[in-house]
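Architecture and fold: a report
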Amino acid sequence: NEVMDARARHERILETDLRLAVVREEFELRFQPQIDSRNGALLGAEALVRWRRPDGRLVMPSEFVWHAEKTGIINDIGEHVLKVACQEARRWRDAGMQPFPIAVNVSPRQFSTNNFVRVIENALASAAIDSEWLELEVTENVALDTSAHMIETFERVKSLGVGIAIDDFGTGFASLAYLRKIPLRKLKIDRSLVSNITKPGPDKAITEAIISLGESLKFISIAEGVETDRQADAIRLTACSGMQGFLFSHPLSA
Ligand code: C2E
Ligand code: MG
Ligand code: MG
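Everything in this summary refers to the structure shown in the same document. Keep in mind that what you see is a predicted model, and the values were worked out from it rather than measured. (Residues numbered from 1 in each chain as written. Chains lettered and ligands numbered in written order. Predicted model: local features only at pLDDT ≥ 70, side-chain atom pairs only at ≥ 80, totals over all residues. Heavy atoms only, no water.)

Overview of the coordination of the magnesium ion (ligand 2)
Note the cut-off: Here a donor is any nitrogen, oxygen or sulfur atom (N, O, S) within 2.8 Å of the metal, with 3.2 Å used for Na, K and Ca; water is not among the atoms considered, so some sites may look incomplete. Runs of H or I in DSSP of at least four residues are treated as helices and runs of E of at least two as strands, each being numbered from the N terminus. Burial here depends on accessible area, computed with a 1.4 Å probe over protein chains only, as a share of the maximum for the residue type. Under 20% is buried, over 50% is exposed, and the range in between is partly exposed.
Note on the magnesium ion (ligand 2): its protein donors are Glu-46 (OE), Asn-105 (OD1), Glu-137 (OE) and Asp-167 (OD). The metal-donor distances range over 2.0 to 2.2 Å. Read in sequence order, the donor residues for the magnesium ion (ligand 2) give the motif E-x58-N-x31-E-x29-D. Separation of the magnesium ion (ligand 2) from the magnesium ion (ligand 3) amounts to 4.0 Å, with Asp-167 serving as a shared donor to the pair. Pair noted here: Glu-137 is in strand 5 (residues 134-139) and Asp-167 is in strand 6 (residues 163-169), with a separation of 30 residues, a long-range link. The same class applies to Glu-137 and to Asp-167, which are both buried.

Written out as structure tokens, the structure is:
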């Protein structure tokens, strides 16, 4: 009971702090490059949120995204993240860089809100950038919801020219039917599978099967969490389009 009280108190404080953090814009972004498996060229970058607390401490998403999702604060955080990601794209564009998609993680709750497409349109318009600069990463849970509202949202996002990637692919699906129901651009293969690509066994078999599936469906496939040269070499033997991981770069400031 005491443990439960402490937990409830922790959650209450966290909620208050998160609401304040939104108002004070305490969220920062890091960007992790995705590179082409064949030639190392930049394929895109994933935007990853960090919370800079007033005491200077940097809080990782694993510590607060679950709570922001639970309380709905994720909608405000997510809107802010989209806005900042588009502003950075604008700076890169102004600096003369060729366009590359910046992948923003979108939580299930955020994706299913009614004004989600408008939030995206606003973020693009206020930074005055083309939609080719933006990509959304959703988890399979989001993609599995093939209700009319969700399919319509996917289609509207697509018609804006914003690509959609399935994040952490290969960890939780019960059905693959959604792959043909929603317009996708990328499959990101989960790190837990990629980390075992060097060992013969089920994870390697599953990873290779996902890569050929992606190839047949004309999706771009990205191996997530590549940490060693041996993993990268094993990935290069497959048709996997790109890689992302500490081997190439940690998430960096803009
Ligand atoms: P994710 O979208 O799957 O992001 C990849 C995570 O793996 C990142 O952790 C990244 O730093 C980490 N990573 C990248 N390469 C490697 C590697 O080689 N080895 C290892 N061990 N890890 C690697 P991070 O930044 O802590 O983010 C964790 C999760 O938090 C993300 O997983 C995503 O689900 C969520 N998240 C991050 N930013 C946002 C956001 O803006 N909105 C929402 N809704 N969720 C976010
Ligand atoms: Mg992601
Ligand atoms: Mg992932």
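Here we look at the site of ligand 1
Going by this rule: Any residue with a non-hydrogen atom lying within 4 Å of a molecule or strand is treated as near it. Whenever a nitrogen or oxygen atom comes within 3.5 Å of another N or O atom, the pair is scored as a polar contact, on the condition that within protein one atom can donate a hydrogen and the other can accept it, and that pairs from neighbouring residues in sequence are kept only if both atoms are in side chains. For every accessible area listed, the method is Shrake-Rupley and the probe measures 1.4 Å; residues are considered covered only by the protein chains on display. Only Asp, Glu, Lys and Arg are considered charged in this grouping, and only Ala, Val, Leu, Ile, Met, Phe, Trp, Tyr, Cys and Pro are considered nonpolar; every other residue, Gly among them, is considered polar.
Close to ligand 1 lie 22 residues; Glu-46, Arg-50, Asp-167, Glu-227 and Phe-246 are nearest. Measuring from a nitrogen atom of ligand 1, one finds a side-chain N or O atom of Gln-32 at 3.1 Å. Separating a nitrogen atom of ligand 1 from a side-chain N or O atom of Glu-227 is a distance of 2.5 Å. Compared with its free state, where it exposes 810 Å², ligand 1 has 81% of that area covered by protein. Within the residue set of the shell around ligand 1, elements represented by two or more residues are strand 2 (42-52), helix 3 (74-94) and strand 6. At four residues, the largest contribution of residues to the shell around ligand 1 is made by strand 2. Class assignment for the residues of the shell around ligand 1 results in nine nonpolar, five polar and eight charged.

A word on the packing of helix 1 (residues 2-23) against helix 2 (residues 61-71)
Relative orientation and spacing of two packed helices are given, respectively, by the angle between their axes and the distance between those axes. Worth spelling out the cut-off: In this description, a line fitted to the C-alpha atoms serves as the axis of each element, helices being fitted only across the stretch in contact, and the angle between N-to-C directions of two axes falls anywhere from 0 to 180 degrees. Here roughly perpendicular refers to angles of 65 to 115 degrees, roughly parallel to angles under 35, roughly antiparallel to angles over 145, and oblique to all remaining angles. Here, residues are in contact when the closest pair of their heavy atoms is within 4.5 Å.
Running from N to C, helix 1 and helix 2 point in directions that differ by 85°, and their axes come no closer than 10 Å. As far as their axial angle goes, helix 2 and helix 1 are roughly perpendicular. On the side of helix 1, the interface is formed by Arg-7, Glu-11, Leu-14, Glu-15, Leu-18 and Arg-19, while helix 2 contributes Glu-63, Phe-64, Trp-66, His-67, Ala-68, Lys-70 and Thr-71. Across the contact of helix 1 with helix 2, the residue classes break down as five nonpolar, two polar and six charged.

Points about unusual backbone geometry
A positive phi angle, near 50°, is found at Asp-168, a position not held by glycine. As for its placement among the helices and strands, Asp-168 is situated in strand 6. Asp-168 gets classed as partly exposed once you look at its relative accessible area, which sits at 28%. For Lys-218, which is not glycine, the phi torsion reads 65° and is therefore positive. You can see Lys-218 is positioned in the loop between helix 10 (202-216) and strand 8 (220-223). The class for Lys-218 is exposed, based on a relative accessible area of 72%.

Observations concerning the coordination of the magnesium ion (ligand 3)
Distances from the magnesium ion (ligand 3) to its protein donors, Asp-167 (OD), Asp-168 (OD), Glu-224 (OE) and Glu-224 (OE), fall within 2.1 to 2.6 Å. Along the chain, the residues that donate to the magnesium ion (ligand 3) are spaced as D-D-x55-E.

Considering the environment of Thr-139
Checked against the element boundaries, Thr-139 lands in strand 5. Exposure remark for Thr-139: the relative accessible area of 25% places this residue in the partly exposed category. On a C-alpha basis, the gap between Thr-139 and Ser-107 in space is 7.8 Å, while along the polypeptide they are 32 residues apart. Discounting chain neighbours no more than four positions away, the residues touching Thr-139 are Pro-108, Asp-167 and Asp-168.

Remarks on the nonpolar core
For clarity, the threshold we go by: Among buried residues, the Ala, Val, Leu, Ile, Met, Phe, Trp, Tyr and Cys ones that are joined through side-chain atoms within 4.5 Å form a nonpolar core.
Ranked by size, the top nonpolar core spans 68 residues in total, and within it Leu-18, Leu-82, Ile-102, Ile-120, Leu-134 and Leu-136 carry the most contacts. Among the elements that line this core, the one with the most residues is helix 3, at nine residues. When near neighbours in sequence (up to four residues on either side) are disregarded, Leu-82 contacts Val-104, Gln-110, Phe-116, Val-119, Ile-120, Ala-123, Leu-134 and Leu-136.

With respect to helix 7 (residues 148-160)
Selection criterion: Here the expected length of a helix is defined as 1.5 Å per residue gap, with one fewer gap than residues. Starting at the helix axis, one direction is taken to each C-beta atom, and the arc is that of these directions.
An ideal rise of 1.5 Å per residue puts 18 Å on 13 residues; helix 7 measures up with 18 Å between its terminal C-alpha atoms. Of the residues making up helix 7, those classed as buried are Met-150, Thr-153, Phe-154 and Val-157. For helix 7, the buried positions fall inside an angular range of 100° around the axis, keeping them on one side. The outward face of helix 7, more than 90 degrees from its buried face, is lined by the exposed residues Ala-148 and Ser-159.

Focus on the pattern of salt bridges
Two side chains carrying opposite charge are able to pair once their charged atoms lie near each other. Cut-off, in case you're wondering: A pair is scored as a salt bridge if a Lys or Arg side-chain nitrogen falls within 4 Å of a carboxyl oxygen belonging to Asp or Glu.
Counted according to the given criterion, the structure contains 19 salt bridges. Glu-11 serves as the salt-bridge partner of Lys-70, at 2.7 Å between the closest nitrogen and oxygen. In this pair, Lys-70 is assigned in helix 2 and Glu-11 in helix 1, connecting sequence segments 59 residues apart. Notably, a salt bridge pairs Arg-30 with Glu-28, separated by 3.2 Å at the nearest N-O pair. Taking the relative accessible area as the measure of exposure, Arg-30 reaches 16% and is therefore buried.

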